[in-house]
Amino acid sequence: RKEVEQDPGPFNVPEGATVAFNCTYSNSASQSFFWYRQDCRKEPKLLMSVYSSGNEDGRFTAQLNRASQYISLLIRDSKLSDSATYLCVVNPITGRRALTFGSGTRLQVQP
Amino acid sequence: DARVTQTPRDKVTEMGQEVTMRCQPILGHNTVFWYRQTMMQGLELLAYFRNRAPLDDSGMPKDRFSAEMPDATLATLKIQPSEPRDSAVYFCASGLVLKGSYNEQFFGPGTRLTVL
């Protein structure tokens, strides 16, 4: 089983739609969680950290469910500029002690 | 606006040639990472350094890859000899890691390597 698993998509949604991505992680001791965004042929960039109580940044909401070992990202009122690949990132603490990246979920927002 | 820089941005080479990729991390960051990204495998961690000391290179093929950090402003990744399966985008990232907490990693623009 992969340490971090994501649905690769693509998710094709119209502008203005609400879309949600989930990501599951295998190490129950993981402590830090992030969502990164990667545009086509560009480097990944931090979108937001994910806190235990859930957090919101504008149209983006991240949630953590430790019991089920998954994190989610909700995007409301999708914009064309939201089209990108969204990478789920987990700090597994044990083992290699470096952030582990999921393979990403591709989002395409249609006009 | 501090950023991670990488050179070259693109490299096309022939099988068997040596390839050297360079990275300048953000000043003040104590951890440097090398990643490889392909369509099939996604983003894979190859190696990382903390305070210039190699901490983990288990993701790297040892027989042909080597990573070094000769000083705080330069990290290098070498492939010798290169093979077509090494074709990928190689990202360097840096971050500030304090007492086991992981803050944001900042990625460079990547080196797009094509081995013919």
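Report on the accompanying structure. These numbers were taken from a predicted model, which means no experiment stands behind them. (Residues numbered from 1 in each chain as written. Chains lettered and ligands numbered in written order. Predicted model: local features only at pLDDT ≥ 70, side-chain atom pairs only at ≥ 80, totals over all residues. Heavy atoms only, no water.)

1. So, the packing of aromatic side chains
Inference 1: Under the definition given, this model contains eleven aromatic pairs over all chains.
Inference 2: Plain terms: the ring middles of Phe11(A) and Phe21(A) are 5.2 Å apart, the flat faces sit at 85 degrees to each other, and that makes the pair edge-to-face. One end of the pair, Phe11(A), is in strand E2 (residues 11–14); the other, Phe21(A), is in strand E3 (residues 19–25), with ten residues separating them in the sequence.
Inference 3: With relative accessibility at 23%, the residue Phe11(A) sits in the partly exposed group.
Inference 4: On the basis of relative accessibility, which here comes to 1%, the residue Phe21(A) falls in the buried class.
Inference 5: Seen from their ring centres, Phe33(B) and Tyr48(B) are 5.4 Å apart, and the 20 degrees between their planes marks the pair as stacked. Remark: Tyr48(B) occurs in strand E5 (residues 42–50) and Phe33(B) occurs in strand E4 (residues 31–38); sequence separation between them is 15 residues.
Inference 6: Grouping aromatic residues by their ring pairs yields a cluster made of Tyr36(A), Phe101(A), Phe33(B), Tyr35(B), Tyr48(B), Phe91(B) and Phe107(B). (Phe/Tyr/Trp six-rings, centres within 6.5 Å; stacked < 30°, edge-to-face > 60°. Helix = DSSP H or I, 4+ residues; strand = E, 2+ residues; numbered from the N terminus. Buried < 20%, exposed > 50% of the residue type's maximum accessible area, 1.4 Å probe, protein only.)

2. Here's the deal with the nonpolar core
Soluble globular proteins tend to pack their nonpolar side chains together in the buried interior.
Inference 1: By size, the foremost hydrophobic cluster in this structure holds 23 residues, and its most contacted members are Phe21(A), Trp35(A), Ile71(A), Leu73(A), Ile75(A), Tyr86(A) and Leu107(A).
Inference 2: Elements with a minimum of two residues in this core: E3, strand E4 (32–38), strand E5 (44–50), strand E7 (60–65), strand E8 (70–75), strand E9 (84–91) and strand E11 (105–110) of chain A.
Inference 3: If we ignore the near neighbours within four places in the chain, the residues touching Leu107(A) are Phe11(A), Val13(A), Val19(A), Phe21(A), Ile75(A), Asp82(A), Ser83(A), Ala84(A) and Tyr86(A).
Inference 4: If you look at the next biggest cluster of nonpolar residues, it comprises 21 residues, including Cys23(B), Ala47(B), Met60(B) and Phe65(B). (Core = buried A, V, L, I, M, F, W, Y, C linked by side-chain atoms within 4.5 Å. Contact = heavy atoms within 4.5 Å.)

3. Looking at the interface of chain A and chain B
Inference 1: Taken together, the 14 residues of chain A in the interface contact 18 residues of chain B.
Inference 2: For the pairing of chain A and chain B, the buried interface totals around 1,600 Å² over both sides, and the portion due to carbon and sulfur atoms is 50%.
Inference 3: Across the chain A-chain B interface, the total number found is zero salt bridges.
Inference 4: In this assembly, chain A and chain B are joined by two residue pairs in polar contact (both at pLDDT 80 or more). (Buried area = accessible area lost by both parts, 1.4 Å probe. Salt bridge = Lys/Arg side-chain N within 4 Å of Asp/Glu carboxyl O. Polar contact = N/O pair within 3.5 Å; in protein donor to acceptor, adjacent residues only side chain to side chain.)

4. Concerning the environment of Arg76(A)
Residues and elements named next belong to chain A.
Inference 1: Mapped onto the fold, arginine 76 is located in the loop between E8 and E9.
Inference 2: As for arginine 76 and aspartate 57, which are separated by 19 residues in sequence, their C-alpha atoms are 11 Å apart.
Inference 3: With residues near it in sequence (within four places) discarded, arginine 76 still touches Ala17, Thr18, Glu56, Gly58, Arg59, Phe60 and Thr61.
Inference 4: Only 2.9 Å separates the side chain of arginine 76 from the side chain of threonine 61, close enough to count as a polar contact.

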